[in-house]
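Summary of structural features
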2 protein chains.
Amino acid sequence: MSSFKSISVAAAVLLAGSVSAQTFQRLGACPTLGCVFPPDQADFLAGQFFDIRLEVHAPKNGTEAIGLPPDEKFTFTLAKGDEAPKPVTEYFAIQDSKLENWTFSWYEDLFARDAKKPTVVDVRAKAYRRLALYEPGEYTATLNYNNGSSTKATWLVRDLAEERKTKNVVLFIGDGMTTNMITAARLIGHKSINGKYQSKMQMDKFPVLGHQMTHSIDSFITDSANSASAIYTGHKSTVNCLGVYADSSKSPFDDPKVETIAEIFHRLTGGHVGIVSTAFLADATPAGLTAHTRARSEYGHVVDTFLNGITNYTWTKWDGPDVLFGGGAEQFYTPYLNKTYYTEFAKKGYQILQNRTSLLAAPNTERALGVFTTSNMAKWLDRNVYRSNLNQSLSPTGDKKPALDQPGLKEMTLKAIDILSERSGDKGWFLMSEAASIDKMMHVLDYDRALGELLELDDTIKATVNKLNETNSLKETLILVTADHGHGFDVMGSVDTRYLAAQNVDRKKRDAIGVYQNSGLSQYQNTGNLTYTDSNFPKSWDPRYTLFQGLMADPDRRENWSVHKDGPRTPAVEVPEDSDDYYANPKDGKDGILLNGTLPVENDQGVHSLTDVPVFAMGPCQELFGGVYNSVDLFFGMAECLGLGRGTPPAEQ
Amino acid sequence: MSSFKSISVAAAVLLAGSVSAQTFQRLGACPTLGCVFPPDQADFLAGQFFDIRLEVHAPKNGTEAIGLPPDEKFTFTLAKGDEAPKPVTEYFAIQDSKLENWTFSWYEDLFARDAKKPTVVDVRAKAYRRLALYEPGEYTATLNYNNGSSTKATWLVRDLAEERKTKNVVLFIGDGMTTNMITAARLIGHKSINGKYQSKMQMDKFPVLGHQMTHSIDSFITDSANSASAIYTGHKSTVNCLGVYADSSKSPFDDPKVETIAEIFHRLTGGHVGIVSTAFLADATPAGLTAHTRARSEYGHVVDTFLNGITNYTWTKWDGPDVLFGGGAEQFYTPYLNKTYYTEFAKKGYQILQNRTSLLAAPNTERALGVFTTSNMAKWLDRNVYRSNLNQSLSPTGDKKPALDQPGLKEMTLKAIDILSERSGDKGWFLMSEAASIDKMMHVLDYDRALGELLELDDTIKATVNKLNETNSLKETLILVTADHGHGFDVMGSVDTRYLAAQNVDRKKRDAIGVYQNSGLSQYQNTGNLTYTDSNFPKSWDPRYTLFQGLMADPDRRENWSVHKDGPRTPAVEVPEDSDDYYANPKDGKDGILLNGTLPVENDQGVHSLTDVPVFAMGPCQELFGGVYNSVDLFFGMAECLGLGRGTPPAEQ
């Protein structure tokens, strides 16, 4: 599932960084031996809560060893503009913190890893928690250490915008969705004549288009955790991080936090929050709105923060979203720290919904937890075309029965809007709705299911626009559609699947591929007679001529470019089992071409890519989201539109 | 070069179309046996010249055979809105045309091709030439044939916009350039700190962003010829077509034409035109502004139309561009129809420039033909870093000496603006400037050279904005930056090239690839000490950690993800020679991973992709180019901004 497997390889060798290192780094965003978090170039919303973490590193061996213990007498100052630097304790009028110490180890490169020669680093550290800067402008944060060394960080508090311009925000995230995928989905879901589409994607109708750059703080490829953090907090971070910068300590719960859009919106305005995803709910994109941890795999923590917010430190007061809809029932019926969260949510007055029928029937006046399956939710293609694939032991109650009555993203989103609208009154609401399995199906090279999820997202956006229009709230709702990162995917032509299957030799099978003029026209609308409640989906998912489509970073696999009728694809399998050595799955892509992968062989799926991803905007402040910008600017744009900046501390926090 | 090789395979089996056919079609945009060009869904600018071609097909064998000869008594009518249909001769007050007849053959699918069983089609046809519709609105064109059959085409003349809002237009085309490539170029050309770029691409600064859909009229993948036609004429067409719809006749010079933006602009306003490209000048993207032929490979015709316009039919009066700069000297010193075009251009008063030095020194008062090399121009990477690769027999005089003193896109573009500005006076100018080798280098999987060309394009745009600003013409110039199609390219991580080379086994070499957090940061700005006149290019092209980048549709090849220092890459070679069977080039990508391709084995290079491509707009009418739209809308947007629509025929044509 998702990118987690590949990432854990990195996590196992520990967080890293250094001028020379690349594959591994001593500690991200800290190329020197003195580390300041938030680091250089961090931007803040005026009044946004954040923690400060300071670390001084003393490598005991390796290329950076200096033969000294880490400096314990480091100092840290802050200065606004040209003002004189003040000690951090004076600047914020806070007590000094306790000195902490630990060690960690990392590999400087792959040769060191092969030789099993880690570099060990001794650390002294401090943290200052729940601070805020209210005055816009540039600040210089300076860590002085090792008798004359210093690490400077320039921080920027963005200009104040306290006026609220939108009542509501809907943030749609197509996880892993790129322009290339939108183009492919349009081709199979919409009819065209002589090169002109006869209907439009809803996102194509949005008046403003932007591109956001997804680069992480310490790697140019991002995962869904740190990209969610960038979009929700305005702070770039490290792979696997949710709402924190990654420090080098052992605990995943003490890293320096930054406040999220959901937390700020609720704290300052009392506005209501909804979270909807087709993933398991503890997954990164929904989790990022409330969780603060270096390890996205801390699912118990994530679910607890949905309900209770941060409890191990003083932090934003949080009392739960109005709506939490998705999959991942195992995190709700399996105890975490002796609590089961179906029970915990019910205790706080949530209706517990476990199927589509009860979702549609639920009153809009009460808060609702809807968990419709264990693991990720069923895909649109299986719910609508290949329904027998739903016969798995995925019931959200944990009774091992199938979860046959699952809603789609559209039904969850429309119900969320009903509840949020009913309950929030004049305070307004913020809804994040995620089409998670665009990403999950691209990971397993199951292009058809991924495009089905993308078309379902577009259908959901269309239904949302219609509903908001009918209820006269379209003009007071900012709608954003974006993604958190890309996958290297595109369509290069067509495949004559009948010809492909009829050939016996791989080199001859390649003749089945038609490029340029030979790509011809999409047959997904021209043949077949499938009909659904929703209109813009393929009329056939297995025409003779399919798309010559794919990813660029793959495990070994066999490609026949045909729909996977038996359920989501498994392109590669471990041979032998538990070897971490994946080969093409002999049961997958029969009659296809055997293709050797390019990824390290412990990968059983594709990985994310660098590409800028699109942003479609409509509603109040839409003009803030045109052109090309950094992912963090999405946070600042939403915060500006909601008027969340504060030039002075609120009376009560 | 470019995509032509792959396309000629399709051309060899002839143009095709039919409801069931896909890889091959009887005739594009004609699924029935009665063909109307312009076909259904065609849009027109009011007053734009076009030809009509009508064909009636009678397949003699195959699935569509009806056992009858083609109807010779077909009729054709036109009706505006609900008006009564009139015969075409009456509608336009023209004489009827001569009945033509021919046969052609095609394969219905790959099995038929393997069995060498072509389908033969008997054709009757007529053509009506240089017509125009002046009244905006919807028209119904009807071909009646075969005693009761009819083919209807709905034509739309777009709303009139006669008011001119911009004096000048610069249309930059990054051939084959996608958002993914822009992201990659930014990563290697601009320094970032903690996920924030310290400088911006010029195109990232443009206020308006759009996406255009590149779908061809009869295939979803496009080549540079028919996409240039869409952008320049507002009419989608078929692969290989320049400014025409493809009919089924044998001649590549009698297909139905549509007038281009350059022709209309010059005809109606007397405005001046400039054409700049880093390709050979007869290549599709420059050619599309003046040529009208089904076969982009008719280079002699193309070069003649640059100078003389269309001469085999009455058409738009054309007397040559002010500026024509690029490569492809062999089409200027080799005779075509007993004329050599260096001489022909000189006769008409053009200065002939053959190197950078003479380009820079040339007076701005005279028209100029600049041809700086045979074939495509040298790449930025070879001109600036690996200069010894320029030692080839490519002199533009044809004397087999090297072409060492070649200008770059920036120098050609700035000089073009100087000449156009000087000569056009109040009439204004239209300049097309193409970074052609983004495409050409992506075709040969030479990612570094492709990204170098993209950075050079951005540098050219920056210099153009600065020049227009300095001369107070920025506000009266619409600048568009776009592409004509994509390639399935992205970056998925980093490659430790030292580790890759040190391993002996392909599966172990794959460990050199770092994904997610292990991608680390770009080393193209962090290491190396290359400096150039231009600022935003890599400081090193061969850092230890390179980009894990690539295309998705490939020939067999060996990848080591390292810069190709000896000149543009040759990923695959014919084995044995002249076999049309390409294998990985044993001299390419040494120490790399051997990867089997997915394309038909006669391909020695990658192919285009489906993806929507970006449009960046700045200047008068910039607001017309935001959001998502069809490629033809670029033509209509430029025409609207230049005020080129006409509600009545001009006094003189």
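Residues numbered from 1 in each chain as written. Chains lettered and ligands numbered in written order. Predicted model: local features only at pLDDT ≥ 70, side-chain atom pairs only at ≥ 80, totals over all residues. Heavy atoms only, no water.

Naming follows an unreviewed UniProt entry, where chain A appears as alkaline phosphatase of Periconia macrospinosa. Of chain A, the UniProt comment under Sequence similarities (unreviewed entry) reads exactly: "Belongs to the alkaline phosphatase family." (UniProt positions renumbered as here; feature names shortened; annotations may be inferred.)

**Observations concerning the state of the cysteines**
Residue and element names in this part refer to chain A. The tally for this structure, following the rule as stated, stands at four disulfides over all chains. Bridging C30 to C35, the disulfide has an S-S length of 2.1 Å. The S-S bond linking C30 to C35 shows a torsion near -80 degrees; that makes this disulfide left-handed. With its disulfide-bonded cysteines labelled consecutively along the sequence, chain A is connected as 1-2, 3-4. Between C241, a cysteine without a disulfide, and C35, which holds the nearest cysteine sulfur, the sulfur-to-sulfur distance is 14 Å. Assessed through its relative accessible area of 0%, C241 is described here as buried. (Disulfide = S-S within 2.5 Å. Buried < 20%, exposed > 50% of the residue type's maximum accessible area, 1.4 Å probe, protein only.)

**Digging into the relation of the copies chain B and chain A**
For the pair chain B and chain A, the relating rotation is 180 degrees, the translation along its axis is 0.0 Å, and the fit reaches an RMSD of 0.0 Å. Interpreted geometrically, this transformation is the action of a two-fold axis. When each C-alpha of chain B is compared by its distance to the rotation axis, M552 of chain B comes out closest, at 2.6 Å. Mapped onto chain A, 100% of the interface residues of chain B are again interface residues, and the two copies thus contact each other with one and the same surface. (Least-squares fit on C-alpha atoms with pLDDT ≥ 70 in both. Contact = heavy atoms within 4.5 Å.)

**Describing the packing of helix α13 (residues 409-424) of chain A against helix α15 (residues 447-470) of chain A**
Residues and elements named next belong to chain A. Close contact between α13 and α15 brings their axes to 9 Å; oriented N to C, the two are set at 25 degrees. Taken together, α13 and α15 sit at an angle that is classed as roughly parallel. Judged by the sense of rotation from one axis to the other, the crossing of α13 with α15 is right-handed. Residues L409, K410, T413, L414, I417 and D418 of α13 form the contact with α15, whose own contacting residues are E456, L457, D459, T460, A463, T464, K467 and L468. Grouping the constituent residues of the contact of α13 with α15 by class yields six nonpolar, three polar and five charged. (Axes fitted to C-alpha atoms, helices over the stretch in contact; angles between N-to-C directions. Helix = DSSP H or I, 4+ residues; strand = E, 2+ residues; numbered from the N terminus. Parallel < 35°, antiparallel > 145°, perpendicular 65-115°, else oblique. Left-handed = near helix turned anticlockwise from the far one by under 90°. Nonpolar A, V, L, I, M, F, W, Y, C, P; charged D, E, K, R; others polar.)

**Looking at the packing of helix α6 (residues 261-269) of chain B against helix α18 (residues 632-642) of chain B**
All names here are of chain B. Here α6 crosses α18 at 15 degrees, and the two axes come no closer than 11 Å. Here α18 runs roughly parallel to α6, going by the angle between their axes. For the crossing formed where α6 meets α18, the hand is right-handed. Residues I261, I264 and F265 of α6 lie in contact with α18, whose contacting residues are F635, M638, A639 and L642. Of the residues belonging to the contact of α6 with α18, the class tally is seven nonpolar, no polar and no charged.

**Some remarks on the sheet that holds strand β2 (residues 43-44) of chain A**
Residue and element names in this part refer to chain A. Sheet architecture is open: five strands sit in the order β2-β9-β8-β4-β5, paired in mixed fashion. In the strand order of this sheet, the two ends are held by β2 and β5 (86-87), each with one partner. Pairing analysis gives nine bridges linking strand β8 (residues 137-145) to strand β9 (residues 149-157), with the strands arranged antiparallel. Considered in β9, the bridge of G137 is made with V157. (Pairing = 2+ DSSP bridges.)

**Remarks on helix α6 (residues 261-269) of chain A**
Turn by turn, an α-helix covers 3.6 residues, leaving residues three or four places apart pointing in a common direction. Residues and elements named next belong to chain A. Counting buried positions along α6 gives eight out of nine residues, so the element sits mostly inside the fold. Those residues of α6 that sit buried are I261, A262, E263, I264, F265, H266, R267 and T269. On its buried face, α6 sits against α5 (224-233), β14 (272-280), β18 (429-435) and α18 (632-642). Looking one or two residues beyond α6, the residue adopting positive phi is G270, at roughly 70 degrees.

**A short note on empty space enclosed by the protein**
Tallied over the entire structure, the rule returns 14 cavities of 30 Å³ or more. In this structure, the largest cavity encloses a volume near 310 Å³. Elements with a contribution of two residues or more to the lining of the largest cavity: β23 (545-551) and β24 (557-559) of chain A together with β23 (545-551) and β24 (557-559) of chain B. (1 Å grid on protein atoms, 1.4 Å probe; cavity = no way out; pocket = protein on both sides within 12 Å on 5 of 7 lines; lining within 4 Å. Points joined across faces, edges and corners; volume = space filled by probe spheres on them.)

**Observations regarding the nonpolar core**
In this structure, M203 and F325 of chain A together with M203 and F325 of chain B are the most contacted members of the largest nonpolar core, which totals 194 residues. The residues contacting M203 of chain B, other than those within four sequence positions of it, are M177, I182, L454, L457, D458, I461, V481 and F616 of chain B. (Core = buried A, V, L, I, M, F, W, Y, C linked by side-chain atoms within 4.5 Å.)

**Regarding the environment of L353 of chain B**
Along the chain, L353 of chain B falls in strand β16 (residues 351-353). For L353 of chain B and P207 of chain B, which are 146 residues apart along the polypeptide, the C-alpha to C-alpha distance reads 36 Å.

**Here we look at the domain arrangement of chain A**
Residues and elements named next belong to chain A. Segmentation of chain A into domains returns domain 1 (4-157), domain 2 (168-488 + 608-642) and domain 3 (490-595). Taken residue by residue, the interface counts 32 residues in domain 1 and 34 residues in domain 2. The contact between domain 1 and domain 2 buries some 2,600 Å² in all, and 61% of this surface belongs to carbon and sulfur atoms. Across the contact surface, domain 1 and domain 2 share three salt bridges. Close ionic contact of D247 with R53 constitutes a salt bridge, the shortest N to O distance being 2.9 Å. Our count for the contact surface shared by domain 1 and domain 2 stands at 15 residue pairs in polar contact (both at pLDDT 80 or more). When contributions to the side of domain 1 that touches domain 2 are tallied by element, the ones reaching two or more residues are α1 (4-12), β2, β3 (50-59), β6 (100-106) and β7 (119-131). Counting residues per element, the side of domain 1 that touches domain 2 draws most heavily on β3, which supplies six residues. Considering only residue class, the side of domain 1 that touches domain 2 consists of 18 nonpolar, seven polar and seven charged. (Domains from an automatic or database assignment. Buried area = accessible area lost by both parts, 1.4 Å probe. Salt bridge = Lys/Arg side-chain N within 4 Å of Asp/Glu carboxyl O. Polar contact = N/O pair within 3.5 Å; in protein donor to acceptor, adjacent residues only side chain to side chain.)

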